[in-house]
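For reference, the chains in residue letters:
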Amino acid sequence: MTPEMILEAFGAESQRLLEVAAGADDAAFARPSPCAPWTVAELVYHVRMTMGRLPGMLAEPEPAGSGLVPAAAYYRADQRFSATTNADRIRSAQLGAAALPGAAARARDFAQARQQAWALLQAEPPTRVVQTRHGDRMLLTEFLRTRTLELAVHGLDLAAALERQPWMTTPAANVTQDLIVSSAAATTLRAETGWDQVTLIAKLTGRRPVTTAETQLIQHTGIRWLALS
């Protein structure tokens, strides 16, 4: 997975979600989301926050140190998914969404966050190192893999809330699949189950239920589940 492919995936999926947000009305934003207790508006704001942190990270000097955290290790079960951190994550999105007066303002806010992040990302070299809010020292390209996953899987959540077919872009699906499962395991699972790529991602990120037989097959492939809030 090259830096160019990762950047393309982030750009494509964030643009697709922007288009969805721009087409939503107040009633759509008021719907409950699968990520309780958030509404659609609050979930959209949460995703906006995942992009909105990028300018601040890129404004900082590269962090000192030698170790680098890969994208998969970012999703590890530590304090980042504690009850306190999750409560703060929920409340921050609720407050941010409440500050926006309506559908048009929500779409504009999302667009501004996306455009600012996108402009800055295109100017950064693939060797750029950043520090996450959890203290991880990561290559920017590895961090962008996590941002693409967030856009992709929360896009599945939003599609379910809005009663629409998933809109996941192919570049984002490729990056997300590569992060959650090996190529060999993905091939095995899809051949044995008949899942398409989006269904595979939905099943392995808890967006769709798995049967007992599917669970056994997943375990047989040796997949390590990511810790997702």
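Scroll up a little and you will see the structure.
Residues numbered from 1 in each chain as written. Predicted model: local features only at pLDDT ≥ 70, side-chain atom pairs only at ≥ 80, totals over all residues. Heavy atoms only, no water.

1. Quick notes on the nonpolar core
So, step 1. With 72 residues, the main nonpolar core has L17, F29, L54, M168, V181, L189 and L204 as its most contacted residues.
So, step 2. Each residue touching L54, except ones within four places of it in the same chain, is listed here: F10, A117, L121, L140, F143 and L144. (Core = buried A, V, L, I, M, F, W, Y, C linked by side-chain atoms within 4.5 Å. Buried < 20%, exposed > 50% of the residue type's maximum accessible area, 1.4 Å probe, protein only. Contact = heavy atoms within 4.5 Å.)

2. Quick notes on unusual backbone geometry
So, step 1. Omega for the bond connecting A36 with P37 falls within 30 degrees of zero, at 10 degrees, which places this linkage in the cis form.
So, step 2. You can see P37 is positioned in the loop between α2 (26-29) and α3 (40-52).
So, step 3. For E163, which is not glycine, the phi dihedral falls at a positive 55 degrees.
So, step 4. Mapped onto the elements, E163 comes out in the loop between α8 (140-161) and α9 (170-180). (Helix = DSSP H or I, 4+ residues; strand = E, 2+ residues; numbered from the N terminus.)

3. What to know about the side chain of R48
So, step 1. Along the polypeptide, R48 turns up in helix α3.
So, step 2. R48 gets classed as buried once you look at its relative accessible area, which sits at 18%.
So, step 3. Excluding residues within four positions of it along the chain, R48 makes contact with D109, F110 and A113.

4. Here's the deal with the pattern of salt bridges
So, step 1. Summed over all chains, the structure comprises 12 salt bridges.
So, step 2. One salt bridge connects D78 with R76, and the closest N-O pair in it is separated by 3.3 Å.
So, step 3. In this structure, a network of salt bridges that share partners links the residues R76, D78, R80 and D136. (Salt bridge = Lys/Arg side-chain N within 4 Å of Asp/Glu carboxyl O.)

5. Considering the packing of helix α10 (residues 183-193) against helix α11 (residues 197-204)
So, step 1. Contact geometry of α10 with α11 gives a least axis separation of 11 Å together with a crossing angle of 105 degrees. Here α10 is positioned roughly perpendicular relative to α11, judged by the angle of their axes. On the side of α10, the interface is formed by A186, L189 and R190, while α11 contributes Q197, L200 and L204.
So, step 2. Of the residues contributing to the contact of α10 with α11, the split by class is 4 nonpolar, 1 polar and 1 charged. (Axes fitted to C-alpha atoms, helices over the stretch in contact; angles between N-to-C directions. Parallel < 35°, antiparallel > 145°, perpendicular 65-115°, else oblique. Nonpolar A, V, L, I, M, F, W, Y, C, P; charged D, E, K, R; others polar.)

6. Section: the packing of aromatic side chains
So, step 1. Counting across every chain of the model gives 2 aromatic pairs.
So, step 2. Taking 5.1 Å as the distance between ring centres and 85 degrees as the angle between the ring planes, the aromatic pair formed by Y74 and Y75 counts as edge-to-face.
So, step 3. On the basis of an interplanar angle of 75 degrees and a centroid distance of 6.1 Å, the ring pair of Y74 and F143 is categorised as edge-to-face. Linking Y74 in helix α5 (residues 71-74) with F143 in helix α8, this pair joins segments that are 69 residues apart in sequence. Both residues of the pair, Y74 and F143, belong to the buried class.
So, step 4. Ring pairing ties together the aromatic residues Y74, Y75 and F143, which thus form one cluster.
So, step 5. Taking the ring centre of Y74 as reference, the NZ or CZ of R80 above it sits at 5.2 Å. (Phe/Tyr/Trp six-rings, centres within 6.5 Å; stacked < 30°, edge-to-face > 60°. Lys NZ or Arg CZ within 6 Å of the ring centre and 35° of its normal.)

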